[in-house]
Amino acid sequence: MISFSRKIEIIRSVKTFCIKKYETDHKIPDKSMIENRLGIDLVADDLEATLTYMLGTQKSTPIVSTIKTIRLLKLVLRRTIKTWGSLHGEVNFDEVFIYNVLRYCAPEAHGFLSRFFREIRALKNDDKGDRKKVLQQRWDSITEDVEWDRNDIEYLIAILFPMWRGSGVSSQYLQTVTIDDPTDYLPEDGLELTPCQN
């Protein structure tokens with residue numbers, strides 16, 4: 001079993017590698033990322049600051065607790081590196097990473113997102129909460145017998161889709177998985193996080 005601190009070191013190394021590889025990309029600051037974004041008592045503007053804090057305090061997060069084995073960590077990071085090669089400069093690295101955590105460590109959640117991401121995006125216009133109730137029932141049904149922590153995974157979903165937990169969308173990024181115009185990075189089949197044809 002891989003240790004908490006080793007997971008963090010590996011994730012930090014891969015993120016640093018990916019960012020440096022394309023360091024000429026224009027960085028778009030995102031002031032709207034939610035506080036405590038990875039489940040710790042810290043307002044961090046990126047994964048690196050959060051991981052540094054976690055390493056110093058030994059506090060776990062939904063990401064670290066969800067990636068249970070070195071095999072899963074390698075799978076998540078390998079896919080993230082591949083995807084980043086196509087999407088660098090267009091999307092937030094942290095979102096690509098979190099999407100792949102869900103894809104490989106919580107496949108039922110990934111399936112839920114693949115199937116209902118448009119309905120989740122529409123929650124920003126759900127004044128009465130009717131859509132949310134229907135989606136929550138579907139979520140509860142799909143995740144009834146899963147082996148991963150539902151609260152941790154819902155937290156990660158809310159980082160990708162703030163409206164899942166009732167937050168508005170005010171991202172300053174040109175593209176996130178929340179925004180589908182001009183390019184939607186979540187395809188119909190939900191199998192890849194890649195640029196899609198509209």
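Because the structure is a prediction, the values reported are computed rather than measured.

Another point: helix H8 (residues 150-160). Most of H8 sits inside the fold, with nine of its 11 residues counted as buried. Those residues of H8 lying buried are Asp152, Ile153, Glu154, Tyr155, Leu156, Ile157, Ala158, Ile159 and Leu160. The residue sitting at the N-terminus of H8 and contributing the capping side-chain oxygen is Asp149; that oxygen lies 2.9 Å from the backbone nitrogen of Asn151.

Glancing now at the environment of Trp164. Structurally, Trp164 can be placed in the segment after H8. Residue classification places Trp164 among the buried positions, given a relative accessible area of 2%. Among all residues touching Trp164, those that are not within four sequence positions of it are Phe112, Ile120, Leu123, Lys132, Leu135, Gln136, Trp139, Glu154, Ile157 and Ala158.

With that settled, the discussion passes to the packing of helix H5 (residues 93-105) against H8. Across the interface, H5 lies against H8 with an axial gap of 10 Å and an inter-helix angle of 145 degrees. Handedness of the H5/H8 crossing: left-handed. Along its contact with H5, which presents Glu95, Ile98, Tyr99, Val101 and Leu102, the element H8 presents Ile153, Leu156, Ile157, Ile159 and Leu160. Classifying every residue of the contact of H5 with H8 gives nine nonpolar, no polar and one charged.

Further remarks concern the confidence of the model for the protein. Looking at the protein as a whole, its pLDDT mean stands at 75, while 65% of the residues score no less than 70. Within the model, the stretch residues 169-174 combines pLDDT values under 50 with 16 contacts to residues more than four positions away or in other chains.

Moving on, we get to the pattern of salt bridges. This model, assessed by the stated rule, comprises three salt bridges. A salt bridge links Glu9 to Arg6, with the shortest nitrogen-to-oxygen separation between them at 3.3 Å. With Glu9 and Arg6 both in helix H1 (residues 4-21) and three residues apart, the pair spans about one turn of that helix.

Right, let's get into helix H6 (residues 107-121). One full turn of an α-helix is made of 3.6 residues, so residues set three or four places apart face in the same direction. Between its first and last C-alpha, H6 extends 20 Å over 15 residues, near the 21 Å set by a 1.5 Å rise per residue. Ala109, His110, Phe112, Leu113, Ser114, Phe116, Phe117, Ile120 and Arg121 are the residues of H6 that are buried. Tucked into the core, H6 has its buried residues touching H5, helix H7 (130-142) and H8.

Counting through the fold element by element, Phe17 comes out in helix H1. Given the relative accessible area of 46%, Phe17 is considered partly exposed. For the pair Phe17 and Ile81, spaced 64 residues apart in the sequence, the C-alpha separation amounts to 9.1 Å.

Take the packing of aromatic side chains next. With the rule as written, the count across this model stands at six aromatic pairs. Judged by centre distance (5.1 Å) and plane angle (70 degrees), the ring pair of Phe112 and Trp139 falls under edge-to-face. Here Phe112, found in helix H6, pairs with Trp139, found in helix H7; they are 27 residues apart in sequence, far enough to count as distant. Given the relative accessible area of 1%, Phe112 is considered buried. With centroids separated by 5.6 Å and ring planes inclined at 70 degrees, the aromatic side chains of Phe112 and Trp164 adopt a geometry described as edge-to-face. Taken together, the residues span a long stretch of sequence, with Phe112 in helix H6 and Trp164 in the segment after H8 at a distance of 52 residues. In this structure an aromatic cluster arises from ring pairing among Phe112, Phe116, Trp139, Trp148 and Trp164. Seen from the ring of Trp164, Lys132 lies directly overhead, with NZ or CZ sitting 3.2 Å from the centre.

Thresholds, definitions, all that
- Residues numbered from 1 in each chain as written.
- Predicted model: local features only at pLDDT ≥ 70, side-chain atom pairs only at ≥ 80, totals over all residues.
- Heavy atoms only, no water.
- Buried < 20%, exposed > 50% of the residue type's maximum accessible area, 1.4 Å probe, protein only.
- Helix = DSSP H or I, 4+ residues; strand = E, 2+ residues; numbered from the N terminus.
- Polar contact = N/O pair within 3.5 Å; in protein donor to acceptor, adjacent residues only side chain to side chain.
- Contact = heavy atoms within 4.5 Å.
- Axes fitted to C-alpha atoms, helices over the stretch in contact; angles between N-to-C directions.
- Left-handed = near helix turned anticlockwise from the far one by under 90°.
- Nonpolar A, V, L, I, M, F, W, Y, C, P; charged D, E, K, R; others polar.
- pLDDT = per-residue confidence, 0-100.
- Salt bridge = Lys/Arg side-chain N within 4 Å of Asp/Glu carboxyl O.
- Expected span 1.5 Å × (residues − 1).
- Phe/Tyr/Trp six-rings, centres within 6.5 Å; stacked < 30°, edge-to-face > 60°.
- Lys NZ or Arg CZ within 6 Å of the ring centre and 35° of its normal.

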